[in-house]
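Chain by chain, the residues:
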Amino acid sequence: MKSYWIDSVKDRKKFKPLEENVKTDVCIIGGGLTGLSTAYNLSQYKIRTVLVEKDEICKQTSGNSTAKITSQHGLIYKYLTDSKGKDFARKYYEVNERAIRNIKDIIDKENIDCNFEYQPAYVFTQKVQEVQKIKDEVEAVNAFGGRAKFIEAKDIELNKLNSEEYVENSDEKLKISGDNIEKENLNLERDVVKEKMKQVLPIKAIAGIEFENQAQFNPYKYGMALARICSDSGVKIYEYTKAVYVDIEDDDEYYVITLENGYKIKAKYLVVATKYPIINIPGFYFIKMYQSTSYAVAMQTKEKLFEGMYISSEEPIISLRTAKFGNDYLLIVVGFDHKTGTDIDLSNSYKYLEEVAKSLYPTGNIKYHWNTEDCITLDKIPYIGEYSKMWENAYVATGFNKWGITTSNIAAEIITDKILGEKNEYEEIFKSTRLEPIKNIKEVTNMVKESVNSLVVKKLEVPQEEAKQIQNGEGKIVEVNGQKIGVYKNEDGEIYKVNPVCKHLGCELSWNNLDKTWDCPCHGSRYDYKGNLIYGPSVKSLAE
């Protein structure tokens, strides 16, 4: 599956793999918006920079984003005010507002065509018991000088779409457009979807928060433009170039980055912008974060259904925006996120989102399905800055909590200032080496429970009698003589076996029955059914 953003660019610039040893001032590992934005900033100062990406530029989280450019990160400011203080919350707001302006300035300066448009951003609730939280958030923002407006149901444009009529007639109108659904299972799956969607539909917001002058764009067009501009300015960009090991030599003055193909990069400064840091020690980011998977559908409509960008305040989180699609539009619906690797049935994830889209525009045509991963920090604040107090001149940007568009720009500004030896007024709020009591106890408990329950490290073989019990198209972990093995049987009955142990830190993998992948519940690495690595932080496939 491919996101609309990636599919919209047919003639992207391609970059060759690195196949020689090189020496440079700065090495950036990771070719998403964080790495590219940092490279762009450094190119303005003519600093020699090498950027390596293990896959293709912006093909993972950046190219699969909802692409909202906003300082409105859900109900974040009341939480920050209570846990960190009003001044901290104000700075978080200010730097995200600055990021919106920075991105627009780059687009204007470089004449980038990426469908940028200003839009208001809304957080809405459908529950009476959540209204006070909405009011508290508005009060928290306005208390430190920000701009937030409480809006009532009559002023929420989303309510003008008659999703209630669709739901009332859902027995007749329910449509499931997912691929390869067998007729005999259709009624059962409809019942599952309908029951789940009672939590969400009809969409009838009763209150909300409005942030004015926020924005949206096509992140892949923007990222590919940055890559081209950086390359033209002297930045050396390499795709299909996987960094697997980092060492220090020459009296700790240079980092040596070893690539999968054996070649090496020697750099004075190191920037790890891989979404989830690939270096475990030092840093220990694997005990500070987990990864969350979200799903998206895009439906073609003949008209622009609403102005603005929307996200619900309560779970299951639903995020909505529109995009131009030729002479028509796309309604993009994102949500139903879960901790990556959680052992749950995911087969209906896209169908839930399709039902939301159909409720808002029943005659629309679903054009795209995709999903992505995001790093979630336990205290809800990204890690940006020094990789570790043990490593001088090494920097990291991670844990963007699903708000990576503005945060990628913030990270690039802070890291660039670090490399230039300048103080950034906002660097302390994202301090990556912070060691503080975690106030978000719910997330800590969740992460510890999942990690403890997933620590297994054994290698096995699958017997024929066990394989016969697995249905075509099914994957599962089977236990033989106290040992475990991951087995997937494709639609033709062919068996694929893996050692179901993550190559990152040895956690037992879970089968994802939607994407046909093996997912790690500890830190979010994902592998295809053959064991090939898809997402890090692991840098190895299961067979390596």
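Residues numbered from 1 in each chain as written. Predicted model: local features only at pLDDT ≥ 70, side-chain atom pairs only at ≥ 80, totals over all residues. Heavy atoms only, no water.

Time to look at the overall build of the protein chain. Summing up its helical and strand segments, the protein chain has 13 helices and 24 strands in all. Within the protein chain, buried positions represent 60% of all 544 residues. Of the contacts formed within the protein chain by residues at least 6 apart in sequence, a portion of 71% connects residues at least 24 apart. As displayed, the protein chain has an accessible area near 23,800 Å², and 45% of this comes from carbon and sulfur atoms. (Helix = DSSP H or I, 4+ residues; strand = E, 2+ residues; numbered from the N terminus. Buried < 20%, exposed > 50% of the residue type's maximum accessible area, 1.4 Å probe, protein only. Contact = heavy atoms within 4.5 Å. Areas by Shrake-Rupley, 256 points an atom, 1.4 Å probe, with all protein chains shown as cover.)

This paragraph deals with the packing of helix H2 (residues 33-43) against helix H11 (residues 404-420). Orientation of H2 relative to H11, taken along the N-to-C sense of each, is 40°, at an axis distance of 8 Å. On the basis of their axis angle, the class for H2 and H11 is oblique. For H2 against H11, the interelement crossing comes out right-handed. Across from Leu33, Thr34, Ser37, Thr38, Asn41 and Leu42 in H2, the residues of H11 making contact are Ile405, Ser408, Ala411, Ala412, Glu413, Ile415, Thr416 and Ile419. By residue class, the composition of the contact of H2 with H11 is seven nonpolar, six polar and one charged. (Axes fitted to C-alpha atoms, helices over the stretch in contact; angles between N-to-C directions. Parallel < 35°, antiparallel > 145°, perpendicular 65-115°, else oblique. Left-handed = near helix turned anticlockwise from the far one by under 90°. Nonpolar A, V, L, I, M, F, W, Y, C, P; charged D, E, K, R; others polar.)

In terms of residue burial, strand E15 (residues 365-377) counts as a mostly covered element, since eleven of its 13 residues are buried. Pairing of strand E11 (residues 289-301) with E15 involves twelve bridges; the strand directions are antiparallel. Residue pairing across strands places Tyr295 opposite Asn371, the latter belonging to E15. (Pairing = 2+ DSSP bridges.)

Take the pattern of salt bridges next. Inspection of the entire model under this criterion finds 25 salt bridges. The salt bridge partner of Glu94 is Arg90, with a shortest N-O separation of 2.8 Å. Of this pair, Glu94 and Arg90 both sit in helix H4 (residues 86-110), four residues apart, which is roughly one turn of the helix. By relative accessible area, which is 24% here, Arg90 ends up partly exposed. Residue Asp374 is joined to Lys402 by a salt bridge in which the shortest nitrogen-to-oxygen separation is 3.9 Å. (Salt bridge = Lys/Arg side-chain N within 4 Å of Asp/Glu carboxyl O.)

Okay, helix H5 (residues 131-143) next. Compared with an ideal rise of 1.5 Å per residue, which puts 13 residues at 18 Å, H5 spans 18 Å between its outermost C-alpha atoms and is within 8% of the ideal. Those residues of H5 that sit buried are Val131, Ile134, Glu137, Val138, Ala140 and Val141. Looking at the buried residues of H5, the elements they touch are helix H3 (77-84), H4, strand E4 (117-125), strand E5 (149-152) and strand E6 (207-216). Directly beyond the C-terminal end of H5, a positive phi value near 100° is found at Gly145. (Expected span 1.5 Å × (residues − 1).)

Bringing the side chain of Asn96 into the picture now. Within the secondary structure, Asn96 is located in helix H4. A polar atom in the side chain of Asn96 sits 2.8 Å from the backbone oxygen of Tyr92. The contact partners of Asn96, leaving out residues within four places of it in the chain, are Thr70, Ser71, His73, Thr406, Thr407 and Ile410. (Polar contact = N/O pair within 3.5 Å; in protein donor to acceptor, adjacent residues only side chain to side chain.)

Structurally, the position occupied by Tyr426 is in the loop between H11 and helix H12 (441-453). On the basis of relative accessible area, Tyr426 is assigned to the buried category, the value being 5%. Between the C-alpha atom of Tyr426 and that of Val95, which follows or precedes it by 331 residues, the distance is 7.0 Å.

With respect to topology, four strands assemble into an open sheet ordered E21-E22-E23-E24, the strand pairing being antiparallel. Two strands close off the open sheet at either side, each with one partner strand: strand E21 (510-512) and strand E24 (533-535). The mean inter-strand angle of the sheet, taken between neighbouring strand axes irrespective of direction, is 35°. Pairing geometry for strand E23 (residues 526-528) and E24, over two bridges, is antiparallel. The partner of Tyr527 across the bridge, within E24, is Leu533.

Quick look at the side chain of Gln72 now. Along the chain, Gln72 turns up in the loop between strand E3 (68-69) and H3. Reaching out from Gln72, the side chain makes a polar contact with the backbone nitrogen of Tyr122 at a distance of 3.3 Å. Not counting the four nearest positions on each side in its chain, Gln72 is found in contact with Ala121, Tyr122, Val123, Ile209, Glu210, Phe211, Gln214 and Trp403.

Let us now look at the packing of aromatic side chains. By the definition in use, this model includes 19 aromatic pairs. With a centroid separation of 5.5 Å and 90° between ring planes, the pair formed by Tyr295 and Tyr350 is classed as edge-to-face. Remark: Tyr350 occurs in helix H10 (residues 349-360) and Tyr295 occurs in strand E11; sequence separation between them is 55 residues. As far as burial versus exposure is concerned, Tyr295 and Tyr350 are alike and both buried. Feature note: the residues Tyr77, Tyr92, Tyr93, Phe144, Phe211 and Phe430 constitute an aromatic cluster, connected by ring pairs. The side chain of Lys324 reaches across the aromatic face of Tyr329, ending 4.8 Å from its centre. (Phe/Tyr/Trp six-rings, centres within 6.5 Å; stacked < 30°, edge-to-face > 60°. Lys NZ or Arg CZ within 6 Å of the ring centre and 35° of its normal.)

Another aspect to go through is the confidence of the model for the protein chain. Averaged over every residue, the pLDDT of the protein chain is 82; the share at 70 or more is 82%. Ignoring residues within four places in sequence, the model shows residues 170-190, a span with pLDDT below 50, making 26 contacts including any to other chains. Below a pLDDT of 50 lies the segment residues 447-462, which in the model reaches 46 contacts outside its immediate sequence neighbourhood of four places, other chains included. (pLDDT = per-residue confidence, 0-100.)

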